[in-house]
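A structural walkthrough
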Amino acid sequence: MPMGLACCAIELMAAGASRSHRPVGSEVMRFSPRQSDVMIVAGTVTYKMALAVKRIYDQMAEPKWVIAMGACASTGGMYRSYAVLQGVDQLLPVDVYVAGCPPRPEALLDALIKLQDKVAREPVLATLKKAG
């Protein structure tokens, strides 16, 4: 479930382009929360958008994971204002952080591989408890 909110969304689109090689198991981007298990938050999350991001996350099926892509999604970036959420981890549980402003498409692909490793290490019962 891509949440392209700012300039990082361009890099997210570049990572989904044909020139990039996506890891096995992440071939398709779903634009429906009920068909997604990973949310990629790419860019600045304002308080105005925070409720929409949270609502879409809540609509995703369990188990689900979150990638915070870029400095703005991870820490609020250079925006220290009343309107910008200082990190999406204040709203959602983040599994993998991608550094950069904006991060390269290869950094996002590396984050997907790290998330695959994290999911592979999770015990099956923990995944079932998370879903149920």
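Residue numbers restart at each chain and count upward from 1, following the sequence in its written direction. Restriction of local features to residues with pLDDT of at least 70 applies here, the model being predicted, together with a cutoff of 80 or more for giving and counting side-chain atom pairs; totals for whole chains, interfaces and linings are based on all residues. Derived side-chain values reflect all non-hydrogen atoms in the structure, with water molecules and hydrogen atoms excluded from consideration.

Before going further, it helps to spend a moment on the overall build of the protein. Counting from the N terminus, the helices are the DSSP runs of H or I reaching at least four residues and the strands are the DSSP runs of E reaching at least two. Helix and strand counts for the protein stand at 5 helices and 4 strands. Reading the protein from its N end, one meets helices and strands in the order β-α-β-α-β-α-β-α-α. The cut-offs for exposure are 20% and 50% of the maximum accessible area for each residue type, with area from a 1.4 Å probe on protein chains only; residues under the lower value are buried, those over the upper are exposed, and the others partly exposed. Looking at the 132 residues of the protein, the share that counts as buried comes to 41%. We call two residues in contact whenever any of their non-hydrogen atoms come within 4.5 Å of each other. When contacts within the protein are restricted to residue pairs at least 6 apart in sequence, those whose partners lie at least 24 apart make up 77%.

A residue-level look at the protein finds 80% of positions with pLDDT of 70 or above and a mean pLDDT of 81. Considering each helix and strand of the protein separately, the mean pLDDT is smallest for helix 5 (residues 124-131), with a value of 62, and largest for strand 4 (residues 96-98), with 93. How sure the predictor is of each residue is captured by pLDDT, a score from 0 to 100.

Next up on the list: the nonpolar core. If you look at the biggest cluster of nonpolar residues, it comprises 16 residues, and the most contacted ones within it are Leu12, Val38, Ile40, Ile67, Met69, Leu108 and Leu115. Of all the secondary-structure elements, those providing two or more residues to this core are helix 1 (8-15), strand 2 (38-42), strand 3 (65-69), strand 4 and helix 4 (105-121). Sequence-distant contacts of methionine 69, defined by excluding residues within four places in its chain, comprise Cys8, Glu11, Leu12, Ile40, Val41, Ala42, Gly43, Val98, Pro103 and Leu108. What we call a nonpolar core is a set of buried Ala, Val, Leu, Ile, Met, Phe, Trp, Tyr and Cys residues that are connected through their side-chain atoms within 4.5 Å. Formed by 14 residues, the second largest nonpolar core is a distinct cluster that contains Met39, Met60, Val66 and Ala73.

All right, on to the pairing of strand 3 then. Most of strand 3 is tucked away: 5 of the 5 residues are buried. Burial along strand 3 is two-sided: Trp65, Ile67 and Met69 and Val66 and Ala68, pointing in opposite directions, are all buried. In the sheet, strand 2 pairs with strand 3 via 5 bridges, with the strands oriented parallel. Bridge pairing in strand 3 places isoleucine 40 opposite isoleucine 67. Taken together, strand 2, helix 2 (residues 47-59) and strand 3 form a β-α-β motif whose crossover is right-handed. Two strands are said to pair when DSSP picks up at least two bridges between them. Note that strand 3 and strand 4 share 3 bridges and pair parallel. Along strand 4, the bridge assignment pairs methionine 69 with valine 98. By convention, a crossover is right-handed whenever its connection, traced from the first strand over the helix to the second and viewed with the strands pointing away, goes clockwise.

The next thing to look at is the state of the cysteines. One way to say it: the disulfide is the covalent bond shared by the sulfur atoms of two cysteines. Any pair of cysteine sulfurs within 2.5 Å is marked as a disulfide. Evaluated as defined, the whole model comprises 0 disulfides. With no disulfide of its own, cysteine 72 has cysteine 101 as its nearest cysteine by sulfur position, at a separation of 5.4 Å. Overall, the relative accessible area of 8% leaves cysteine 72 in the buried class. For cysteine 101, a relative accessible area of 53% gives the class exposed.

To continue, consider helix 4. Given a helix with a known number of residues, its expected span is that number minus one, times 1.5 Å. Under the 1.5 Å per step criterion, the end-to-end length of helix 4 is 25 Å for 17 residues, consistent within 8% with the ideal 24 Å. Turning to helix 4, its buried residues number three or more, namely Pro105, Leu108, Leu109, Ala111, Leu112 and Leu115. The buried residues of helix 4 occupy one face: seen down the axis, they fall within an arc of 155°. Turned more than 90 degrees away from the buried face of helix 4 sit Ala120 and Arg121, all of them exposed. The directions considered for the arc are those from the helix axis to the C-beta atoms.

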